[in-house]
Amino acid sequence: MVRLIMGVKGSGKTKQLIELINNAAKDEPGNVVCVEANRTMAYDIHYHIRLIDAQEYNLDSYELFRGFISGLYAGNYDISHVFIDNLCKTIGREVDKDTENFLNWLDAFGEKNNIKFTVTISADLSLATDGMQKFL
């Protein structure tokens, strides 16, 4: 399952994400992971959350991000929820068909492995492709 939170900068996405992450720390039966473009949320989220700074791993393409997510799961089958903050900024790209393809892959991967994904994208809602609409 994928949930997409999309909006322009300053629209409250990160605040909403922090609230969702902290609630997941209390409610999720498994481990919760947060991947962000930099460590700006380190002091805002619960200490049980595994916080990953994507810059440390040079996640600059969707292919690398797929491998990274797969590796996270291979190393820990107890992951139940993954939060990805500012996906397009992390990859260094604008919203496009590849973004939609990645979200579809996350959805299929999550269904297969019983993992929920919550993803934020800092961009105007009008840029969401038709295929991305189902995750909003």
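The present account deals with the structure reproduced in this document. (Residues numbered from 1 in each chain as written. Predicted model: local features only at pLDDT ≥ 70, side-chain atom pairs only at ≥ 80, totals over all residues. Heavy atoms only, no water.)

**Section: the pairing of strand 1 (residues 2–7)**
Looking along a regular strand, one sees the side chains alternate between the two faces of the sheet. Using the following cut-off: Only protein chains enter the calculation, and the probe is 1.4 Å; a residue is then buried if its accessible area is under 20% of its type maximum, exposed if over 50%, and partly exposed in between. Helix and strand assignments come from DSSP, with helices taken as H or I runs of at least 4 residues and strands as E runs of at least 2, each series counted from the N terminus. A pair of strands is treated as paired once DSSP finds two or more bridges between them.
Counting buried positions over the six residues of strand 1 gives five, a clear majority of the element. One ladder, built from six bridges, connects strand 1 with strand 5 (residues 116–122); its direction is parallel. Across the sheet, Ile5 pairs through a bridge with Thr120, a residue of strand 5.

**A closer look at the packing of helix 2 (residues 62–75) against helix 4 (residues 97–113)**
Here is the rule: Axis lines are fitted through C-alpha atoms, for helices just across the contact stretch, and the angle between N-to-C directions can take any value from 0 to 180 degrees. For this classification, under 35 degrees means roughly parallel, over 145 means roughly antiparallel, 65 to 115 means roughly perpendicular, and everything else is oblique. For any helix crossing, the convention is left-handed if the near helix is rotated counterclockwise from the far helix by under a right angle, and right-handed if that rotation is clockwise. In what follows, a contact means two residues having at least one pair of non-hydrogen atoms within 4.5 Å. Ten residues, namely Ala, Val, Leu, Ile, Met, Phe, Trp, Tyr, Cys and Pro, are considered nonpolar, four, namely Asp, Glu, Lys and Arg, are considered charged, and the remaining ones, Gly among them, are considered polar.
Following both chains from N to C, one finds helix 2 and helix 4 inclined at 15 degrees, their axes separated by 11 Å at the closest point. Classified by the interaxial angle, the pair formed by helix 2 and helix 4 is roughly parallel. Of the two possible hands of crossing, helix 2 and helix 4 adopt the one that is right-handed. Two secondary-structure elements touch here, helix 2 through Tyr62, Phe65, Arg66, Ile69, Ser70 and Tyr73 and helix 4 through Asp98, Thr99, Asn101, Phe102, Trp105, Leu106, Phe109 and Asn113. Looking at the contact of helix 2 with helix 4 residue by residue, the classes come out as eight nonpolar, four polar and two charged.

**Concerning the sheet that holds strand 4 (residues 79–84)**
A sheet is described by the order of its strands in space; here five strands give the open sequence 1-5-4-2-3, paired in parallel fashion. The open sheet has two edge strands, strand 1 and strand 3 (50–53), and neither has a second partner. When strand polarity is set aside, the average angle formed by the axes of neighbouring strands in this sheet is 15 degrees. Judged from the four bridges that link them, strand 4 and strand 5 form a sheet pairing that is parallel. Bridged to His81 within strand 5 is Lys116. In the packing of helix 1 (residues 13–27) onto the sheet, contacts are made with strand 1, strand 2 (31–36), strand 4 and strand 5, and the angle to strand 1 comes to roughly 155 degrees. Against the sheet, helix 4 touches strand 1, strand 4 and strand 5, its axis set at about 165 degrees to strand 5.

**Here we look at the environment of Ile49**
Locating Ile49 in the fold gives a position in the loop between strand 2 and strand 3. The buried category is assigned to Ile49, whose relative accessible area is 8%. Separated by 27 residues in sequence, Ile49 and Asn22 have C-alpha atoms that sit 8.2 Å apart. When residues no more than four places from it in sequence are discounted, the contact partners of Ile49 are Ile21, Ala25, Val32, Val33 and Cys34.

**A look at the packing of aromatic side chains**
Rules: Between 30 and 60 degrees the pair is tilted, below 30 it is stacked and above 60 it is edge-to-face, where a pair is any two Phe, Tyr or Trp rings, Trp via its six-membered ring, whose centres lie within 6.5 Å.
Here the structure, examined in full by the defined rule, presents seven aromatic pairs. A ring pair is formed by Tyr73 and Tyr77, whose centres lie 5.0 Å apart and whose planes are at 80 degrees; its orientation type is edge-to-face. Classification of Tyr77 by relative accessible area gives exposed; the value is 59%. Grouping aromatic residues by their ring pairs yields a cluster made of Tyr62, Phe65, Tyr73, Tyr77, Phe102, Trp105 and Phe109.

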